[in-house]
Amino acid sequence: MTHRAYISLAIPLIISTVTTPLLGAVDTAAVGQLPDPSYIGGVAVGSVIFNTLYWLFGFLRVSTSGFAAQAHGANDQKEGALSFFRPLYMAICIGAIMVIGQQWIGQSALELMNPERTVFQHAHDYFKIRIWGAPFALMNYVLLGWLMGMSKIKASLALQLYMNITNIVLDLLFVSGFGWGVKGVAAATLIAEVSTFFIGLPLVIRYLKPSDKYGGLLAAFNMSALARIMKVNGDLFIRTICLLAVFNNFTAKGASFGTEVLAANAILIQIYYIMAYFFDGLANAGSILMGRAIGARNHVLYNRTLSLSYQWSLITVFIMTVTYYITKDHVIQLFTSSQEVQSVTLKYSPWLLLFPIAACFGLVLYGIFTGAAETKAIRNSMLLSLTVYCLIIYAVPQPLNNHRLWLAFLCFSAGRSLFLFLYLPSLKEKDELCSARDGS
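Residues numbered from 1 in each chain as written. Predicted model: local features only at pLDDT ≥ 70, side-chain atom pairs only at ≥ 80, totals over all residues. Heavy atoms only, no water.

A few words on the overall build of the chain. Along the backbone of the chain there are 18 helices and 0 strands. Looking at the 440 residues of the chain, the share that counts as buried comes to 54%. Intrachain contacts of the chain at a sequence separation of at least 6 include 84% that bridge at least 24 residues. Summed over its atoms, the accessible surface of the chain is roughly 19400 Å², and 67% of this surface lies on carbon and sulfur atoms. (Helix = DSSP H or I, 4+ residues; strand = E, 2+ residues; numbered from the N terminus. Buried < 20%, exposed > 50% of the residue type's maximum accessible area, 1.4 Å probe, protein only. Contact = heavy atoms within 4.5 Å. Areas by Shrake-Rupley, 256 points an atom, 1.4 Å probe, with all protein chains shown as cover.)

Here it is as structure tokens:
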């Protein structure tokens, strides 16, 4: 595995992940052209609900990619088919529960967020349409994860780009062209999710042998295999809960410092997301290669994957930090025209300069561990990092201010890197299996 081969794998994955935050920006921009600001509020509130729901079940993509990569590395076509069908069943069940319980989910979420009356109504309209896409959105996680794990990177990228571009085009058509407002934004996303699934499913089926297609439908119900998947997904679910706890607490605490600080934090968090998505592309590459190494018991690829992941993490840190330092004034101006908010944002922007080096290894090692299906380490390291965050927020006696809030967030990010490093020896057992195969 050369640097060129690694980056050739990583770049399409980075492009695929970075397109994700673009959707929220386009949704907001589409309704932002309408005269009433409550439209923006409705889309924002509705998007938070779905982002939370789908983030909770994001493990469907991550774990599918890891198991598929292991089957691909072992050249086990039957297990490769099962690594698709098993999580697909889970996605169908979870999505169906969301649709059946939509009234309770929507009402509870809106009451919890408690937006003003007009925003509430727009968010309700948005939710009622988009919720029907939940099964398809979750099944798309499985499609994309399987394609990534099987190293069908171009197909995965094409599918992701199709969904995002379709969403953007329909956004502009339904809102600006037809004047459907918030309902148009929701309908655009629904159509993009549903059509992506019906395009992606035949794409996956085409890669499966006929015997694996039909045999996998029944064999996927093997209880011991399902129990293993549930354990892995349970660990990743806990990880997501920890992330949500930190982000929700960060937002709530920031809101207590005033509107300008809240706005500044929101801008910096959006920039953080973009940075994190770049590392997520490297994490996906590491997950695929590590899964392949574990499946093939290839000691050389195992070590090379770790080495390349470290090296490209540091290269990305350097590029990202320098780029943000040079362009931060212009980047912040893209988010707001308010001089006061710009000033406050610049005041706290140095914290974001430290984020790449603090978080890079935690984000990239996350991919390494998921590729090896060693998710216990991910769960425990996230629980420890959450504890660090809470200690800084609640145990330090001095009054909480926004600098301390960012310090807690940065320590949380650094903790994810440190604690996963400490768990690296737990991969040695699988590495020893690799060594035995490599030496035979």
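Glancing now at the nonpolar core. Grouped burial of nonpolar side chains is what soluble globular proteins tend to show. If you look at the biggest cluster of nonpolar residues, it comprises 130 residues, and the most contacted ones within it are Leu-60, Met-98, Leu-352, Phe-355 and Trp-406. The element contributing the most residues to this core is helix H12 (residues 259–296), with 17 residues. If sequence neighbours within four positions are ignored, Leu-352 has contacts with Leu-268, Ile-271, Tyr-272, Met-275, Tyr-324 and Trp-406. (Core = buried A, V, L, I, M, F, W, Y, C linked by side-chain atoms within 4.5 Å.)

Orientation of helix H4 (residues 77–100) relative to helix H7 (residues 134–149), taken along the N-to-C sense of each, is 160°, at an axis distance of 7 Å. When the axis of H4 is compared with that of H7, the two are roughly antiparallel. Two packed elements cross with a definite hand, and for H4 against H7 that hand is right-handed. Facing H4, whose interface residues are Gly-80, Ser-83, Phe-84, Pro-87, Leu-88, Ala-91, Ile-92, Ile-94, Gly-95, Ala-96, Met-98 and Val-99, H7 presents Ala-134, Pro-135, Leu-138, Met-139, Val-142, Leu-143 and Trp-146. (Axes fitted to C-alpha atoms, helices over the stretch in contact; angles between N-to-C directions. Parallel < 35°, antiparallel > 145°, perpendicular 65-115°, else oblique. Left-handed = near helix turned anticlockwise from the far one by under 90°.)

The full count for this structure, using the stated rule, is 28 aromatic pairs. Each residue in the set Phe-247, Phe-250, Tyr-272, Tyr-273, Phe-355, Tyr-389, Trp-406, Phe-409 and Phe-412 is aromatic and connected to the rest through ring pairs, giving one cluster. The aromatic ring of Tyr-366 is capped on one face by Arg-239, whose charged end is 3.9 Å from the ring centroid. Residue placement shows Lys-328 over the ring face of Tyr-325; its charged tip is 4.4 Å from the ring centre. (Phe/Tyr/Trp six-rings, centres within 6.5 Å; stacked < 30°, edge-to-face > 60°. Lys NZ or Arg CZ within 6 Å of the ring centre and 35° of its normal.)

Let us now look at a nonpolar patch on the surface. On the surface, Ile-315, Phe-318, Ile-319, Val-322, Tyr-325 and Ile-326 cluster together into a nonpolar patch covering about 620 Å² of accessible area. Mapped onto the elements, Val-322 comes out in helix H13 (residues 299–335). (Patch = residues over 30% accessible without salt bridge, like charges linked within 9 Å, V, L, I, M, F, W, Y side chains within 5 Å. Salt bridge = Lys/Arg side-chain N within 4 Å of Asp/Glu carboxyl O.)

The residue Thr-375 is located in helix H16 (residues 375–395) in this model. Judged by its relative accessible area of 2%, Thr-375 is buried. Separated by 2.9 Å, the side chains of Thr-375 and Asp-235 make a polar contact. Those residues in contact with Thr-375, other than ones at most four positions away along the chain, are Lys-231, Val-232, Asp-235 and Leu-236. (Polar contact = N/O pair within 3.5 Å; in protein donor to acceptor, adjacent residues only side chain to side chain.)

Moving on, we come to the pattern of salt bridges. The full count for this structure, using the stated rule, is 3 salt bridges. A salt bridge links Arg-86 to Glu-79, with the nearest nitrogen and oxygen atoms 3.0 Å apart. Overall, the relative accessible area of 7% leaves Arg-86 in the buried class. Glu-79 sits in the partly exposed class, given a relative accessible area of 31%. Salt-bridge contacts for Arg-130 lead to Glu-193; the nearest nitrogen and oxygen are separated by 3.3 Å.

Next up on the list: the packing of helix H3 (residues 59–73) against H4. Helix-helix packing is characterised by the crossing angle of the two axes and by the distance between the axes. At a minimum axis distance of 8 Å, the contact between H3 and H4 shows a crossing angle of 165°. In this view, H3 runs roughly antiparallel relative to H4, as classed from their interaxial angle. As H3 runs across H4, the sense of the crossing is right-handed. Contact residues: H3 offers Phe-59, Leu-60, Thr-64, Phe-67, Ala-68 and Ala-71, while H4 offers Glu-79, Gly-80, Ser-83, Pro-87, Met-90, Ala-91 and Ile-94. Taken together, the residues of the contact of H3 with H4 break down into 9 nonpolar, 3 polar and 1 charged. (Nonpolar A, V, L, I, M, F, W, Y, C, P; charged D, E, K, R; others polar.)

A few words now on unusual backbone geometry. Most peptide bonds take the trans configuration, and most residues that are not glycine carry a negative phi. Although it is not a glycine, Asn-75 adopts a positive phi angle of roughly 55°. Among the secondary structure elements, Asn-75 is positioned in the loop between H3 and H4. Relative accessible area serves as the criterion here: at 65%, Asn-75 is assigned to the exposed category. At Arg-297, a residue that is not glycine, the phi angle is positive and equals roughly 55°. Given the relative accessible area of 40%, Arg-297 is considered partly exposed.

Moving on to the environment of Leu-243. Within the secondary structure, Leu-243 sits in helix H11 (residues 223–255). The class of Leu-243 is buried, set by a relative accessible area of 3%. With 142 residues separating them along the chain, Leu-243 and Ser-385 place their C-alpha atoms 9.7 Å apart. When near neighbours in sequence (up to four residues on either side) are disregarded, Leu-243 contacts Trp-55, Met-382, Phe-412 and Arg-416.

Attention now goes to helix H2 (residues 38–56). Its 19 residues place the ends of H2 27 Å apart at the C-alpha level, agreeing with the 27 Å of an ideal helix rising 1.5 Å per residue. Three or more residues of H2 are buried, namely Ser-38, Gly-41, Gly-42, Val-43, Val-45, Gly-46, Ser-47, Ile-49, Phe-50, Leu-53, Tyr-54 and Leu-56. (Expected span 1.5 Å × (residues − 1).)

Right, let's talk about the state of the cysteines for a bit. Overall, the coordinates contain 0 disulfides when judged by the stated rule. Not engaged in a disulfide, the cysteine Cys-390 finds its nearest cysteine sulfur in Cys-242; these two sulfurs lie 9.1 Å apart. With relative accessibility at 31%, the residue Cys-390 sits in the partly exposed group. (Disulfide = S-S within 2.5 Å.)

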